[in-house]
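Given next are the chains, with one letter for each unit.
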Amino acid sequence: MEHFFSVLGIWLGVLFTFAIFSFLYKDNPVYKVAEQIFVGLSAGYWFVYTIYFILIPNLFDPLINDFAGNWIKLIPAVLGIMMLMRLMPKTGWVSRFPIALVIGTTSGVFFLRYLKSDVINQLTATMMNPFTGGDWVVIIGQIMLIVGTLTGVIYFYFSKKHEGAFGATAKVGIYFLMISFGAAFGYTAMARISLLIGRLQFLLGDWLGIISP
Amino acid sequence: MSENIKKKQIDRRWIFLLLFISVALPLIFVIGFPIETTENARLVYGLIEQTPKGSKVIISFDYDPASKPELHPMGKALMKHCFDRDIKVIVTALWPMGVQMAEDIYSDLKDNYPDKKYGEDYVNMGYKAGGIVTIQAMGKNFRDIFPQDMNGTSIDELPILDGINNFDNLGFVFALSAGDPGIKQWVQIAHDTFGRPVSGGVTGVSAPAVIPYVNQQQQLIGLLAGLKGAAEYELLTKTPGTATKGMDAQSVAHLIIIIFIIMGNINYWRNKKAEKKGVE
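This structure is a prediction, so every number in the text was calculated from the model and none was measured. Residue indices follow the written sequence of each chain, beginning from 1 at its first position. Following the order in which they are written, the chains are lettered starting with A and the ligands numbered starting with 1. Thresholds applied to this predicted model are a pLDDT of at least 70 for local features of residues and 80 or more for the giving and counting of side-chain atom pairs; totals over whole chains, interfaces and linings are not thresholded and use all residues. Calculated side-chain values reflect all of the structure's heavy atoms, with hydrogen atoms and water omitted.

Trainee: Residue-level account of the domain arrangement of chain B, with values.
Mentor: Parsing chain B into structural domains produces domain 1 (3-30 + 247-279) and domain 2 (39-240). Boundary definitions for the domains trace back to an automatic or database domain assignment. The distance between the C-alpha centroids of domain 1 of chain B and domain 2 of chain B comes to 39 Å.

Right, dumping it as C-alpha coordinates:
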(Lines give C-alpha, C1' and ligand atoms only; values in the text may rest on other atoms or scores of the structure.)
Protein backbone atom coordinates (compact mmCIF):
# COMPACT_ATOMS: atom_id res chain seq x y z
CA MET A 1 0.00 0.00 0.00
CA GLU A 2 2.85 2.35 0.92
CA HIS A 3 4.51 1.62 -2.44
CA PHE A 4 1.24 2.33 -4.27
CA PHE A 5 0.91 5.77 -2.67
CA SER A 6 4.57 6.51 -3.32
CA VAL A 7 4.12 5.73 -7.04
CA LEU A 8 0.84 7.66 -7.12
CA GLY A 9 2.60 10.65 -5.55
CA ILE A 10 5.30 10.59 -8.21
CA TRP A 11 2.75 10.37 -11.04
CA LEU A 12 0.70 13.22 -9.59
CA GLY A 13 3.91 15.25 -9.28
CA VAL A 14 4.73 14.54 -12.93
CA LEU A 15 1.21 15.43 -14.07
CA PHE A 16 1.21 18.74 -12.25
CA THR A 17 4.77 19.57 -13.35
CA PHE A 18 3.79 19.18 -17.02
CA ALA A 19 0.52 21.04 -16.42
CA ILE A 20 2.42 24.04 -15.02
CA PHE A 21 5.13 23.83 -17.71
CA SER A 22 2.40 23.87 -20.39
CA PHE A 23 1.93 27.59 -19.65
CA LEU A 24 5.29 28.22 -21.32
CA TYR A 25 3.68 27.22 -24.61
CA LYS A 26 0.54 29.23 -23.98
CA ASP A 27 -2.17 29.76 -21.37
CA ASN A 28 -4.49 26.75 -21.33
CA PRO A 29 -7.19 25.04 -19.20
CA VAL A 30 -4.83 22.30 -17.95
CA TYR A 31 -2.50 24.94 -16.51
CA LYS A 32 -5.42 26.79 -14.96
CA VAL A 33 -6.73 23.62 -13.27
CA ALA A 34 -3.27 22.85 -11.85
CA GLU A 35 -2.89 26.42 -10.64
CA GLN A 36 -6.30 26.45 -8.93
CA ILE A 37 -5.65 23.09 -7.25
CA PHE A 38 -2.31 24.40 -5.98
CA VAL A 39 -3.89 27.57 -4.59
CA GLY A 40 -6.72 25.63 -2.96
CA LEU A 41 -4.41 23.02 -1.46
CA SER A 42 -2.07 25.69 -0.09
CA ALA A 43 -4.94 27.59 1.53
CA GLY A 44 -6.37 24.41 3.04
CA TYR A 45 -2.97 23.26 4.27
CA TRP A 46 -2.26 26.63 5.91
CA PHE A 47 -5.69 26.70 7.56
CA VAL A 48 -5.24 23.26 9.13
CA TYR A 49 -1.60 23.94 9.99
CA THR A 50 -2.49 27.18 11.76
CA ILE A 51 -5.09 25.41 13.90
CA TYR A 52 -3.03 22.33 14.80
CA PHE A 53 0.49 23.77 15.02
CA ILE A 54 -0.07 27.36 16.13
CA LEU A 55 -3.42 27.81 17.87
CA ILE A 56 -3.74 24.48 19.71
CA PRO A 57 -0.17 24.22 21.14
CA ASN A 58 0.31 27.94 21.79
CA LEU A 59 -3.16 29.00 22.91
CA PHE A 60 -5.76 26.30 23.55
CA ASP A 61 -3.54 23.72 25.29
CA PRO A 62 -1.89 26.19 27.71
CA LEU A 63 -5.26 27.76 28.58
CA ILE A 64 -6.95 24.38 29.17
CA ASN A 65 -4.06 22.84 31.15
CA ASP A 66 -3.05 25.84 33.27
CA PHE A 67 -5.41 28.77 32.94
CA ALA A 68 -4.05 30.66 35.98
CA GLY A 69 -0.51 30.56 34.62
CA ASN A 70 -1.43 31.40 31.05
CA TRP A 71 -4.39 33.80 31.27
CA ILE A 72 -2.21 36.50 29.68
CA LYS A 73 -2.50 34.57 26.40
CA LEU A 74 -6.14 35.75 26.30
CA ILE A 75 -4.86 39.18 25.24
CA PRO A 76 -3.38 38.03 21.89
CA ALA A 77 -6.42 35.75 21.49
CA VAL A 78 -8.79 38.73 21.79
CA LEU A 79 -6.58 40.79 19.46
CA GLY A 80 -6.73 37.92 16.96
CA ILE A 81 -10.52 37.84 17.14
CA MET A 82 -10.59 41.63 16.69
CA MET A 83 -8.48 41.15 13.53
CA LEU A 84 -11.09 38.72 12.17
CA MET A 85 -13.78 41.41 12.56
CA ARG A 86 -12.35 42.76 9.31
CA LEU A 87 -14.31 40.05 7.50
CA MET A 88 -17.58 41.85 8.31
CA PRO A 89 -18.01 45.34 6.82
CA LYS A 90 -19.92 46.71 9.83
CA THR A 91 -17.30 45.69 12.40
CA GLY A 92 -14.26 46.14 10.18
CA TRP A 93 -13.11 49.21 12.13
CA VAL A 94 -12.36 47.04 15.19
CA SER A 95 -9.45 45.41 13.30
CA ARG A 96 -7.63 48.74 13.17
CA PHE A 97 -6.59 48.40 16.84
CA PRO A 98 -4.67 45.11 16.53
CA ILE A 99 -3.24 46.26 13.18
CA ALA A 100 -2.02 49.48 14.83
CA LEU A 101 -0.48 47.46 17.65
CA VAL A 102 1.29 45.11 15.21
CA ILE A 103 2.62 47.97 13.09
CA GLY A 104 3.76 49.95 16.12
CA THR A 105 5.49 46.99 17.76
CA THR A 106 7.07 45.81 14.51
CA SER A 107 8.44 49.22 13.62
CA GLY A 108 9.80 49.64 17.15
CA VAL A 109 11.56 46.27 17.13
CA PHE A 110 12.75 46.54 13.54
CA PHE A 111 14.05 50.11 13.91
CA LEU A 112 16.48 49.09 16.63
CA ARG A 113 17.54 45.82 14.99
CA TYR A 114 18.04 47.24 11.49
CA LEU A 115 19.85 50.31 12.86
CA LYS A 116 22.35 48.07 14.62
CA SER A 117 22.74 45.31 12.01
CA ASP A 118 22.25 47.12 8.71
CA VAL A 119 23.58 50.58 9.52
CA ILE A 120 26.04 50.63 12.43
CA ASN A 121 27.62 47.20 11.90
CA GLN A 122 27.73 47.60 8.11
CA LEU A 123 29.34 51.04 8.43
CA THR A 124 31.82 49.73 10.99
CA ALA A 125 32.75 46.93 8.59
CA THR A 126 33.64 49.61 5.99
CA MET A 127 35.83 51.58 8.40
CA MET A 128 39.12 49.75 7.96
CA ASN A 129 42.63 50.15 6.69
CA PRO A 130 42.24 48.84 3.15
CA PHE A 131 45.97 48.16 2.81
CA THR A 132 46.05 45.44 5.45
CA GLY A 133 45.41 41.83 4.53
CA GLY A 134 48.61 40.96 2.65
CA ASP A 135 47.12 39.55 -0.54
CA TRP A 136 46.81 42.20 -3.30
CA VAL A 137 43.44 40.76 -4.35
CA VAL A 138 42.12 41.36 -0.82
CA ILE A 139 43.56 44.91 -0.80
CA ILE A 140 41.89 45.74 -4.14
CA GLY A 141 38.65 44.26 -2.85
CA GLN A 142 38.80 46.37 0.30
CA ILE A 143 39.53 49.55 -1.66
CA MET A 144 36.59 48.76 -3.98
CA LEU A 145 34.37 48.22 -0.94
CA ILE A 146 35.19 51.63 0.51
CA VAL A 147 35.01 53.47 -2.84
CA GLY A 148 31.78 51.67 -3.79
CA THR A 149 30.13 52.46 -0.46
CA LEU A 150 31.11 56.15 -0.51
CA THR A 151 30.24 56.81 -4.15
CA GLY A 152 27.01 54.79 -3.84
CA VAL A 153 25.89 56.87 -0.86
CA ILE A 154 26.86 60.08 -2.68
CA TYR A 155 24.66 59.06 -5.64
CA PHE A 156 21.67 59.01 -3.27
CA TYR A 157 22.43 62.47 -1.90
CA PHE A 158 19.92 64.68 -3.68
CA SER A 159 20.28 67.96 -1.77
CA LYS A 160 23.11 69.06 -4.07
CA LYS A 161 23.03 69.13 -7.84
CA HIS A 162 25.01 66.27 -9.42
CA GLU A 163 27.63 68.33 -11.31
CA GLY A 164 31.37 68.89 -11.25
CA ALA A 165 33.45 66.66 -8.96
CA PHE A 166 30.33 65.77 -6.97
CA GLY A 167 28.53 64.67 -10.13
CA ALA A 168 31.53 62.63 -11.29
CA THR A 169 31.66 60.84 -7.92
CA ALA A 170 27.93 60.14 -8.12
CA LYS A 171 28.48 58.74 -11.62
CA VAL A 172 31.10 56.32 -10.26
CA GLY A 173 28.49 55.37 -7.65
CA ILE A 174 25.94 54.50 -10.31
CA TYR A 175 28.47 52.26 -12.09
CA PHE A 176 28.93 50.35 -8.84
CA LEU A 177 25.14 50.11 -8.53
CA MET A 178 24.83 48.82 -12.10
CA ILE A 179 27.45 46.14 -11.44
CA SER A 180 25.59 45.08 -8.28
CA PHE A 181 22.32 44.90 -10.25
CA GLY A 182 24.09 42.72 -12.81
CA ALA A 183 25.35 40.43 -10.06
CA ALA A 184 21.84 40.25 -8.59
CA PHE A 185 20.47 39.32 -12.03
CA GLY A 186 23.12 36.63 -12.36
CA TYR A 187 22.14 35.14 -9.02
CA THR A 188 18.46 35.29 -9.98
CA ALA A 189 19.15 33.49 -13.27
CA MET A 190 21.12 30.85 -11.34
CA ALA A 191 18.26 30.41 -8.85
CA ARG A 192 15.63 29.95 -11.58
CA ILE A 193 17.78 27.47 -13.50
CA SER A 194 18.34 25.61 -10.21
CA LEU A 195 14.58 25.18 -9.85
CA LEU A 196 14.38 23.80 -13.40
CA ILE A 197 17.27 21.45 -12.57
CA GLY A 198 15.36 20.31 -9.48
CA ARG A 199 12.26 19.54 -11.52
CA LEU A 200 14.25 17.75 -14.22
CA GLN A 201 16.11 15.69 -11.61
CA PHE A 202 12.66 14.64 -10.37
CA LEU A 203 11.38 13.83 -13.87
CA LEU A 204 14.53 12.04 -15.07
CA GLY A 205 15.37 10.40 -11.74
CA ASP A 206 12.32 9.70 -9.59
CA TRP A 207 9.93 9.23 -12.51
CA LEU A 208 11.84 7.84 -15.51
CA GLY A 209 14.81 6.42 -13.61
CA ILE A 210 17.24 7.57 -16.31
CA ILE A 211 19.51 9.25 -13.75
CA SER A 212 20.11 8.37 -10.11
CA PRO A 213 17.91 10.61 -7.94
CA MET B 1 9.35 49.48 -30.50
CA SER B 2 8.38 49.30 -34.12
CA GLU B 3 6.42 46.39 -35.59
CA ASN B 4 9.42 45.69 -37.82
CA ILE B 5 11.65 44.99 -34.80
CA LYS B 6 8.98 42.85 -33.16
CA LYS B 7 8.79 40.68 -36.27
CA LYS B 8 12.56 40.09 -36.10
CA GLN B 9 12.41 38.75 -32.52
CA ILE B 10 12.70 35.01 -31.85
CA ASP B 11 9.56 33.36 -30.50
CA ARG B 12 10.38 33.05 -26.79
CA ARG B 13 9.11 29.43 -26.78
CA TRP B 14 12.18 28.42 -28.78
CA ILE B 15 14.33 29.87 -25.99
CA PHE B 16 12.33 27.92 -23.39
CA LEU B 17 12.76 24.71 -25.39
CA LEU B 18 16.49 25.28 -25.86
CA LEU B 19 16.95 25.96 -22.15
CA PHE B 20 14.94 22.84 -21.28
CA ILE B 21 17.14 20.69 -23.53
CA SER B 22 20.34 22.38 -22.36
CA VAL B 23 19.46 21.56 -18.76
CA ALA B 24 18.19 18.02 -19.42
CA LEU B 25 21.08 16.74 -21.55
CA PRO B 26 23.93 17.48 -19.09
CA LEU B 27 21.92 15.74 -16.37
CA ILE B 28 21.81 12.57 -18.50
CA PHE B 29 25.25 12.83 -20.11
CA VAL B 30 27.56 14.06 -17.38
CA ILE B 31 30.25 16.48 -18.61
CA GLY B 32 32.09 16.99 -15.32
CA PHE B 33 32.94 20.70 -15.45
CA PRO B 34 35.35 21.58 -12.62
CA ILE B 35 33.87 23.29 -9.55
CA GLU B 36 35.98 25.91 -7.80
CA THR B 37 35.37 26.66 -4.14
CA THR B 38 35.00 30.25 -2.98
CA GLU B 39 36.21 31.89 0.23
CA ASN B 40 32.63 32.06 1.55
CA ALA B 41 32.15 28.29 1.27
CA ARG B 42 35.59 27.65 2.80
CA LEU B 43 34.65 29.86 5.76
CA VAL B 44 31.53 27.76 6.38
CA TYR B 45 33.59 24.57 6.13
CA GLY B 46 36.20 26.02 8.49
CA LEU B 47 33.55 26.96 11.05
CA ILE B 48 32.31 23.37 11.30
CA GLU B 49 35.86 21.97 11.29
CA GLN B 50 36.89 24.29 14.14
CA THR B 51 33.82 23.56 16.27
CA PRO B 52 34.86 21.19 19.09
CA LYS B 53 33.49 17.64 19.01
CA GLY B 54 30.40 17.19 21.15
CA SER B 55 29.30 20.81 20.66
CA LYS B 56 25.63 21.57 20.22
CA VAL B 57 24.52 23.69 17.29
CA ILE B 58 21.25 25.00 15.89
CA ILE B 59 20.41 24.37 12.25
CA SER B 60 17.33 26.37 11.34
CA PHE B 61 15.37 25.05 8.36
CA ASP B 62 13.70 28.22 7.14
CA TYR B 63 12.53 27.06 3.72
CA ASP B 64 9.88 25.00 2.00
CA PRO B 65 9.78 22.65 -1.03
CA ALA B 66 9.81 25.63 -3.43
CA SER B 67 13.49 26.18 -2.55
CA LYS B 68 14.36 22.52 -2.10
CA PRO B 69 16.67 22.16 -5.17
CA GLU B 70 18.99 24.86 -3.82
CA LEU B 71 18.84 24.48 -0.04
CA HIS B 72 18.24 20.77 0.49
CA PRO B 73 21.69 19.67 -0.79
CA MET B 74 23.28 22.24 1.55
CA GLY B 75 21.26 20.94 4.49
CA LYS B 76 22.18 17.35 3.73
CA ALA B 77 25.90 18.03 3.31
CA LEU B 78 25.95 20.19 6.43
CA MET B 79 24.13 17.70 8.63
CA LYS B 80 26.39 14.92 7.37
CA HIS B 81 29.44 17.08 8.13
CA CYS B 82 28.12 17.73 11.66
CA PHE B 83 27.52 14.00 12.26
CA ASP B 84 31.00 13.17 10.93
CA ARG B 85 32.51 15.73 13.32
CA ASP B 86 30.39 14.43 16.22
CA ILE B 87 28.54 17.74 16.52
CA LYS B 88 25.04 17.51 18.03
CA VAL B 89 22.31 19.03 15.89
CA ILE B 90 19.27 20.90 17.22
CA VAL B 91 16.82 21.59 14.41
CA THR B 92 14.42 24.52 14.53
CA ALA B 93 12.14 25.90 11.82
CA LEU B 94 10.81 29.40 11.27
CA TRP B 95 8.94 28.09 8.22
CA PRO B 96 6.25 25.40 8.75
CA MET B 97 7.51 23.09 6.01
CA GLY B 98 11.07 23.39 7.31
CA VAL B 99 10.22 20.67 9.83
CA GLN B 100 9.56 18.15 7.05
CA MET B 101 12.64 19.29 5.12
CA ALA B 102 14.85 18.48 8.14
CA GLU B 103 13.13 15.15 8.72
CA ASP B 104 13.60 14.22 5.07
CA ILE B 105 17.36 14.77 5.40
CA TYR B 106 17.61 12.98 8.75
CA SER B 107 15.73 9.93 7.45
CA ASP B 108 18.12 9.82 4.45
CA LEU B 109 21.19 9.96 6.71
CA LYS B 110 20.25 7.95 9.78
CA ASP B 111 20.93 4.54 8.19
CA ASN B 112 24.53 5.60 7.58
CA TYR B 113 24.91 6.72 11.19
CA PRO B 114 23.44 3.91 13.31
CA ASP B 115 25.26 5.23 16.41
CA LYS B 116 23.48 8.59 16.23
CA LYS B 117 20.41 8.62 18.43
CA TYR B 118 17.39 10.87 18.26
CA GLY B 119 17.28 13.03 21.39
CA GLU B 120 21.00 12.60 22.06
CA ASP B 121 22.74 13.55 18.81
CA TYR B 122 19.85 15.06 16.87
CA VAL B 123 16.52 16.61 17.75
CA ASN B 124 13.82 18.35 15.74
CA MET B 125 12.12 21.04 17.84
CA GLY B 126 9.52 21.76 15.18
CA TYR B 127 8.09 24.99 13.83
CA LYS B 128 7.59 28.21 15.75
CA ALA B 129 5.73 31.20 14.37
CA GLY B 130 6.90 34.72 15.12
CA GLY B 131 10.18 35.13 13.22
CA ILE B 132 12.47 37.71 14.84
CA VAL B 133 10.43 37.84 18.07
CA THR B 134 10.74 34.06 18.47
CA ILE B 135 14.53 34.16 17.96
CA GLN B 136 14.81 36.96 20.50
CA ALA B 137 12.77 34.95 23.00
CA MET B 138 14.93 31.87 22.31
CA GLY B 139 17.98 33.93 23.23
CA LYS B 140 16.39 34.77 26.56
CA ASN B 141 14.85 31.41 27.38
CA PHE B 142 15.06 28.60 24.85
CA ARG B 143 13.04 26.24 27.04
CA ASP B 144 10.08 28.62 27.20
CA ILE B 145 9.86 28.76 23.41
CA PHE B 146 10.43 25.05 22.84
CA PRO B 147 9.00 23.22 25.87
CA GLN B 148 8.79 20.06 23.74
CA ASP B 149 10.11 18.66 20.46
CA MET B 150 8.03 18.07 17.33
CA ASN B 151 6.82 14.70 18.67
CA GLY B 152 5.60 16.22 21.93
CA THR B 153 8.50 14.87 24.04
CA SER B 154 9.28 17.21 26.92
CA ILE B 155 12.55 19.13 26.62
CA ASP B 156 13.59 17.72 30.03
CA GLU B 157 13.54 14.18 28.59
CA LEU B 158 15.89 15.08 25.71
CA PRO B 159 19.56 14.73 26.78
CA ILE B 160 20.79 16.82 23.83
CA LEU B 161 19.10 19.85 25.39
CA ASP B 162 20.69 19.50 28.82
CA GLY B 163 22.24 22.86 29.68
CA ILE B 164 20.63 24.63 26.74
CA ASN B 165 18.72 27.54 28.30
CA ASN B 166 19.57 30.18 25.69
CA PHE B 167 22.22 30.67 22.97
CA ASP B 168 25.14 30.63 25.45
CA ASN B 169 26.12 26.97 25.17
CA LEU B 170 25.71 26.70 21.41
CA GLY B 171 28.64 26.30 19.04
CA PHE B 172 26.99 28.24 16.26
CA VAL B 173 23.71 28.86 14.48
CA PHE B 174 23.33 27.85 10.84
CA ALA B 175 20.30 29.19 8.95
CA LEU B 176 19.13 27.56 5.72
CA SER B 177 17.04 30.42 4.52
CA ALA B 178 14.70 31.07 1.60
CA GLY B 179 13.52 34.51 2.70
CA ASP B 180 11.78 36.15 5.60
CA PRO B 181 11.91 35.10 8.42
CA GLY B 182 15.35 33.63 7.98
CA ILE B 183 19.04 34.34 8.00
CA LYS B 184 18.70 38.11 8.34
CA GLN B 185 16.78 37.72 11.59
CA TRP B 186 19.31 35.17 12.88
CA VAL B 187 22.12 37.67 12.18
CA GLN B 188 20.23 40.50 13.86
CA ILE B 189 19.49 38.54 17.03
CA ALA B 190 21.82 35.55 17.44
CA HIS B 191 24.96 37.45 16.36
CA ASP B 192 24.31 41.16 16.72
CA THR B 193 22.41 40.87 20.02
CA PHE B 194 23.70 37.70 21.69
CA GLY B 195 27.13 37.50 20.04
CA ARG B 196 26.92 33.90 18.81
CA PRO B 197 28.60 32.84 15.54
CA VAL B 198 26.08 32.65 12.69
CA SER B 199 26.51 31.12 9.27
CA GLY B 200 24.09 30.08 6.60
CA GLY B 201 22.96 29.01 3.19
CA VAL B 202 20.56 31.00 1.04
CA THR B 203 18.81 30.81 -2.31
CA GLY B 204 20.48 32.51 -5.26
CA VAL B 205 17.77 35.17 -5.37
CA SER B 206 18.42 36.33 -1.80
CA ALA B 207 22.22 35.98 -1.89
CA PRO B 208 23.07 39.56 -3.03
CA ALA B 209 21.15 40.98 -0.06
CA VAL B 210 22.82 38.62 2.44
CA ILE B 211 26.46 38.58 1.24
CA PRO B 212 27.23 42.03 2.80
CA TYR B 213 26.84 40.39 6.22
CA VAL B 214 30.02 38.41 5.51
CA ASN B 215 32.30 41.25 6.59
CA GLN B 216 35.00 42.24 9.04
CA GLN B 217 32.39 42.35 11.80
CA GLN B 218 31.77 38.64 11.09
CA GLN B 219 28.02 39.13 11.21
CA LEU B 220 28.04 35.97 9.10
CA ILE B 221 30.87 33.46 8.99
CA GLY B 222 30.77 32.48 5.32
CA LEU B 223 27.74 31.92 3.17
CA LEU B 224 26.57 29.19 0.79
CA ALA B 225 24.76 30.91 -2.07
CA GLY B 226 22.41 28.95 -4.29
CA LEU B 227 23.11 25.65 -6.05
CA LYS B 228 26.73 26.68 -6.65
CA GLY B 229 27.25 27.20 -2.91
CA ALA B 230 25.72 23.78 -2.23
CA ALA B 231 28.00 22.14 -4.84
CA GLU B 232 31.04 23.86 -3.33
CA TYR B 233 30.15 22.54 0.10
CA GLU B 234 29.58 19.03 -1.27
CA LEU B 235 33.03 19.28 -2.83
CA LEU B 236 34.66 20.45 0.41
CA THR B 237 33.01 17.68 2.42
CA LYS B 238 33.74 15.14 -0.35
CA THR B 239 30.08 14.11 -0.56
CA PRO B 240 28.97 14.76 -4.15
CA GLY B 241 25.19 14.96 -4.30
CA THR B 242 22.39 16.53 -6.32
CA ALA B 243 24.01 19.99 -6.31
CA THR B 244 27.26 18.67 -7.83
CA LYS B 245 25.27 16.70 -10.40
CA GLY B 246 23.30 19.83 -11.30
CA MET B 247 26.30 22.08 -11.88
CA ASP B 248 26.95 20.83 -15.45
CA ALA B 249 23.38 21.71 -16.37
CA GLN B 250 23.73 25.05 -14.58
CA SER B 251 26.89 25.93 -16.51
CA VAL B 252 25.42 24.98 -19.90
CA ALA B 253 22.21 26.92 -19.17
CA HIS B 254 24.24 29.98 -18.16
CA LEU B 255 26.20 29.72 -21.40
CA ILE B 256 22.94 29.67 -23.37
CA ILE B 257 21.65 32.70 -21.44
CA ILE B 258 24.91 34.60 -22.06
CA ILE B 259 24.74 33.79 -25.79
CA PHE B 260 21.15 35.04 -25.95
CA ILE B 261 22.05 38.25 -24.07
CA ILE B 262 24.89 38.92 -26.54
CA MET B 263 22.62 38.10 -29.51
CA GLY B 264 19.91 40.36 -28.11
CA ASN B 265 22.33 43.23 -27.67
CA ILE B 266 23.80 42.85 -31.16
CA ASN B 267 20.28 42.78 -32.57
CA TYR B 268 19.35 45.84 -30.52
CA TRP B 269 22.28 47.87 -31.84
CA ARG B 270 21.70 46.74 -35.42
CA ASN B 271 18.03 47.70 -35.23
CA LYS B 272 18.89 51.04 -33.64
CA LYS B 273 21.38 51.72 -36.42
CA ALA B 274 18.87 50.68 -39.07
CA GLU B 275 16.18 52.90 -37.54
CA LYS B 276 18.60 55.84 -37.44
CA LYS B 277 19.43 55.30 -41.10
CA GLY B 278 15.74 55.15 -41.92
CA VAL B 279 15.09 58.50 -40.20
CA GLU B 280 18.02 60.14 -42.02
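Trainee: Break down the environment of B:Leu94 for me, with residues and values.
Mentor: Residues and elements named next belong to chain B. A run of H or I in DSSP becomes a helix once it reaches four residues, and a run of E becomes a strand once it reaches two; helices and strands are each numbered from the N terminus. Relative to the helices and strands, Leu-94 resides in the loop between strand E2 (88-93) and helix H5 (98-109). Sequence separation between Leu-94 and Asn-166 is 72 residues, and the spatial gap between their C-alpha atoms is 17 Å. With residues up to four places along the chain from it excluded, the contact list for Leu-94 reads Ser-60, Phe-61, Asp-62, Tyr-127, Lys-128, Gly-131, Ile-135, Pro-181, Gly-182 and Trp-186. By the convention used here, residues are in contact when the closest approach between their heavy atoms is within 4.5 Å.

Trainee: Give a description of the interface of chain B and chain A that names residues and reports values.
Mentor: Counting from both sides, the interface comprises 50 residues of chain B and, opposite them, 43 residues of chain A. Here the quantity called buried area is the accessible surface, traced with a 1.4 Å probe, that two parts lose on coming together, added over both. Together chain B and chain A conceal approximately 3,900 Å² of surface at their shared face, both sides included; 65% is due to carbon and sulfur atoms. Here, a salt bridge means any side-chain nitrogen of Lys or Arg that lies within 4 Å of a carboxyl oxygen of Asp or Glu. Remark: the boundary between chain B and chain A carries one salt bridge. Of the charged contacts in the structure, one is a salt bridge between A:Asp118 and B:Lys184, with a shortest N-O distance of 3.7 Å. Polar contact criterion, stated in full: a pair of N or O atoms within 3.5 Å, where within protein one must be able to donate a hydrogen and the other to accept it, and residues adjacent in sequence count only if both atoms are side-chain atoms. Inspection of the region where chain B meets chain A yields 16 residue pairs in polar contact (both at pLDDT 80 or more). For the side of chain B that touches chain A, the secondary structure elements donating two or more residues are helix H2 (12-28), helix H4 (68-84), H5, helix H6 (132-140), helix H8 (183-191), helix H9 (207-210), helix H10 (226-236) and helix H11 (242-279) of chain B. Each residue gets one of three labels, nonpolar for Ala, Val, Leu, Ile, Met, Phe, Trp, Tyr, Cys and Pro, charged for Asp, Glu, Lys and Arg, and polar for the others, Gly among them. Of the residues belonging to the side of chain B that touches chain A, the class tally is 28 nonpolar, 15 polar and seven charged.

Trainee: Tell me what's going on with the pattern of salt bridges, and back it up with residues and numbers.
Mentor: All names here are of chain B. Taken as a whole and assessed by the stated rule, the structure comprises 11 salt bridges over all chains. Two residues, Arg-143 and Asp-156, come together in a salt bridge whose shortest N-O distance is 3.2 Å. In this pair, Arg-143 is assigned in helix H7 (residues 142-145) and Asp-156 in the loop between H7 and strand E4 (170-177), connecting sequence segments 13 residues apart.

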